[in-house]
Amino acid sequence: MKILITGGAGFIGSAVVRRAIADGHDVVNLDALTYSANLENVAGVARDPRYAFEQADVCDAARIAEIFARHRPDAVMHLAAESHNDRAIEGPLDFVRANVMGTAILLEAARAHWNGLPDARKAAFRFHHVSTDEVFGALGEDGDFTEQTPYDPNSPYSASKAGADHLVRAWGRTYGLPVVLTNCSNNYGPYQFPEKLIPTVITRALEGKTIPVYGDGRQVRDWLHVDDHAEALLLVLGKGRLGETYCIGGDASKRNLEVVQLLCAHLDKYAPANTSHAEKISFVTDRPGHDFRYSIDAAKLERELGWRPRMPLEAGLEDTVRWYVENSDWVQRIRERGFHSERLGLVQA
Ligand code: NAD
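## Quick look at the overall build of the protein chain
Summing up its helical and strand segments, the protein chain has 12 helices and 13 strands in all. Relative to the compact-globule value of 20 Å for 349 residues, the protein chain shows a C-alpha radius of gyration of 20 Å, a close match. For the protein chain, the C-alpha atoms occupy an extent of roughly 65 × 45 × 45 Å along the three principal directions. Residues classed as buried in the protein chain amount to 54% of the 349 residues present. Summarising the internal contacts of the protein chain: among those between residues at least 6 apart in sequence, 80% fall at separations of at least 24. Here the protein chain displays about 14300 Å² of accessible surface, and carbon together with sulfur accounts for 51% of that area. Positive and negative side-chain charges of the protein chain, numbering 39 and 48 respectively, have mean locations separated by a distance of 4 Å.

So this is what it looks like as structure tokens:
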């Protein structure tokens, strides 16, 4: 199958591109190459004859229509988005533009393309929207998010993703576009831009800098290795029921501070310093509107499609630390582009 993957130069998108090529699919990687994109993430497949790259903004309707007409994909996996909560606090309109308008424009282009397909290809076509569990808001000490959890987003990022989810369902119900959706918990693994928690901790520690922990570090996240996510996404694309939503999670909830301490222990092993890396932990002002806890119940995905995460969290964190230690040149090139994992997203009075 030929899959148009948006955001395929980003962290999760590139894992999906690599996996899709390995599974024997043709891939068109459509990405605007914003600050978080990195074509090095897909260098291993770039010469594959089944791989094509298109630099394009999902908000550019004419260009997106032209890409659909030229490549005539069998499916779309939509991952392109502004993805970082702290940046959304500083520039919310960029998130509304890329995540809400961009999704609407992509849906319209997909609909025009789908309408023109012959019957068999039309019936098999899928538009898969890749979303986050953050659309459900925050949990207290107990409970899990499921596909039935009402939407209650708290941040400009999660609200923009919620808006996109609603648009995708509306295009399914109104126009009959064959859609599937997934809402996933926090991802980690190689090639993650060093602005999110785990790569920020690792890369700053390797540079001998302080390790920032927001608030008291008691927030709980359910961590999933990016390769497990990529596998789940391709499974849902191929076998998920039409119009359905699937929650995807790692069944691996941990407090942020515990994750940071585990990372420090692995860093002590793979990149020993004079003192334990944990001594560099510094508690900093919390993110405004920081959700307390996310936790996913992925039972529907397991029941219907037999998926379970493979990578245990502790082994995945160790692998990730090792990857960043061994790929310091990948981080160095990001530093040379001017990004130094500085703090963003503190609301100014
Ligand atoms: P990322 O920031 O690493 O990658 C996003 C990619 O989208 C980048 O390559 C960027 O260039 C591209 N992009 C941004 N705006 C674009 C536009 N207007 N047109 C075309 N391309 C554009 O993000 P990520 O962490 O890989 O997240 C990918 C998707 O998965 C997002 O939709 C995000 O909401 C979702 N998601 C992320 C997580 C997570 O933990 N990171 C969890 C659940 C869902």
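## Looking at the site of the ligand
Neighbouring the ligand are 29 residues; Ile 12, Asp 31, Ser 83, Tyr 157 and Lys 161 lie closest to it. Interatomic distance of 2.7 Å between a backbone N/O atom of Ile 12 and an oxygen atom of the ligand. A distance of 3.1 Å separates a nitrogen atom of the ligand from a polar atom in the backbone of Ala 32. Look at the ligand: alone it shows 840 Å² of surface, and the protein chains cover 96% of it. Elements with a contribution of two residues or more to the shell around the ligand: α1 (11–22), β5 (126–132) and α6 (156–175). Here the residues of the shell around the ligand are counted per class, giving 15 nonpolar, 10 polar and four charged.

## Describing the nonpolar core
Of all hydrophobic cores here, the largest spans 40 residues; its most connected members are Ile 3, Ile 5, Met 77, Ile 248 and Leu 301. Listed by contribution, the elements that provide at least two residues to this core are β1 (2–6), α1, β4 (75–78), β6 (179–184), α8 (226–239), β11 (245–248) and α10 (299–305). Considering each element in turn, this core owes the most residues, seven residues, to α8. Residue contacts for Ile 248: discarding those within four places in its chain leaves Thr 182, Asn 183, Cys 184, Ser 185, Leu 224, His 229, Ala 232, Leu 233, Ile 296, Ala 298, Leu 301 and Trp 307. Of all hydrophobic cores here, the second largest spans 26 residues; its members include Tyr 188, Ile 198, Cys 264 and Trp 323.

## Some remarks on α1
Turn by turn, an α-helix covers 3.6 residues, leaving residues three or four places apart pointing in a common direction. An ideal rise of 1.5 Å per residue puts 16 Å on 12 residues; α1 measures up with 17 Å between its terminal C-alpha atoms. If you check which residues of α1 are buried, you get Phe 11, Gly 13, Ser 14, Ala 15, Val 16, Val 17, Ala 20 and Ile 21. Looking at the packing, one finds that the buried side of α1 touches β1, β2 (26–31), β3 (51–55), β4, β7 (187–188) and α8.

## Notes on the pattern of salt bridges
This model, assessed by the stated rule, comprises 26 salt bridges. A salt bridge links Arg 218 to Glu 141, with the shortest nitrogen-to-oxygen separation between them at 3.6 Å. Remark: Glu 141 occurs in the loop between β5 and α6 and Arg 218 occurs in the loop between β8 (211–214) and β9 (220–222); sequence separation between them is 77 residues. Through salt bridges that share partners, Arg 19, Asp 23, Glu 231 and Arg 310 make up one connected network.

## Observations concerning helix α7 (residues 197–206)
Among the 10 residues in α7, eight count as buried, and that is most of the element. Regarding α7, the residues found buried are Ile 198, Pro 199, Thr 200, Val 201, Ile 202, Thr 203, Arg 204 and Ala 205. Contact partners of the buried residues in α7: β7, β8, α9 (256–270), α11 (313–326) and α12 (328–336).

## A few points about the packing of aromatic side chains
Per the stated rule, a full pass over the model turns up 13 aromatic pairs. Look at Phe 136 and Phe 145: their rings are 5.1 Å apart centre to centre, the planes differ by 40°, and that puts the pair in the tilted class. A relative accessible area of 4% places Phe 136 in the buried class. Three or more aromatic residues link up through ring pairs in this structure, and these residues are Phe 136, Phe 145, Tyr 151 and Tyr 294. One Lys or Arg, Arg 343, reaches over the ring of Tyr 214 and ends 3.8 Å from the middle of that ring.

## Here we look at unusual backbone geometry
At Arg 72, a position not held by glycine, the phi torsion is positive, near 45°. Locating Arg 72 in the fold gives a position in the loop between α2 (61–71) and β4.

Reading the values: rules and limits
Residues numbered from 1 in each chain as written. Predicted model: local features only at pLDDT ≥ 70, side-chain atom pairs only at ≥ 80, totals over all residues. Heavy atoms only, no water. Helix = DSSP H or I, 4+ residues; strand = E, 2+ residues; numbered from the N terminus. Rg over C-alpha atoms; globule rule 2.2 N^0.38 Å. Buried < 20%, exposed > 50% of the residue type's maximum accessible area, 1.4 Å probe, protein only. Contact = heavy atoms within 4.5 Å. Areas by Shrake-Rupley, 256 points an atom, 1.4 Å probe, with all protein chains shown as cover. Lys, Arg positive; Asp, Glu negative; His and termini not counted. Charge placed at Lys NZ, Arg CZ, Asp CG, Glu CD. Near = heavy atom within 4 Å. Polar contact = N/O pair within 3.5 Å; in protein donor to acceptor, adjacent residues only side chain to side chain. Nonpolar A, V, L, I, M, F, W, Y, C, P; charged D, E, K, R; others polar. Core = buried A, V, L, I, M, F, W, Y, C linked by side-chain atoms within 4.5 Å. Expected span 1.5 Å × (residues − 1). Salt bridge = Lys/Arg side-chain N within 4 Å of Asp/Glu carboxyl O. Phe/Tyr/Trp six-rings, centres within 6.5 Å; stacked < 30°, edge-to-face > 60°. Lys NZ or Arg CZ within 6 Å of the ring centre and 35° of its normal.

That's the geometry; what it means functionally is another story.
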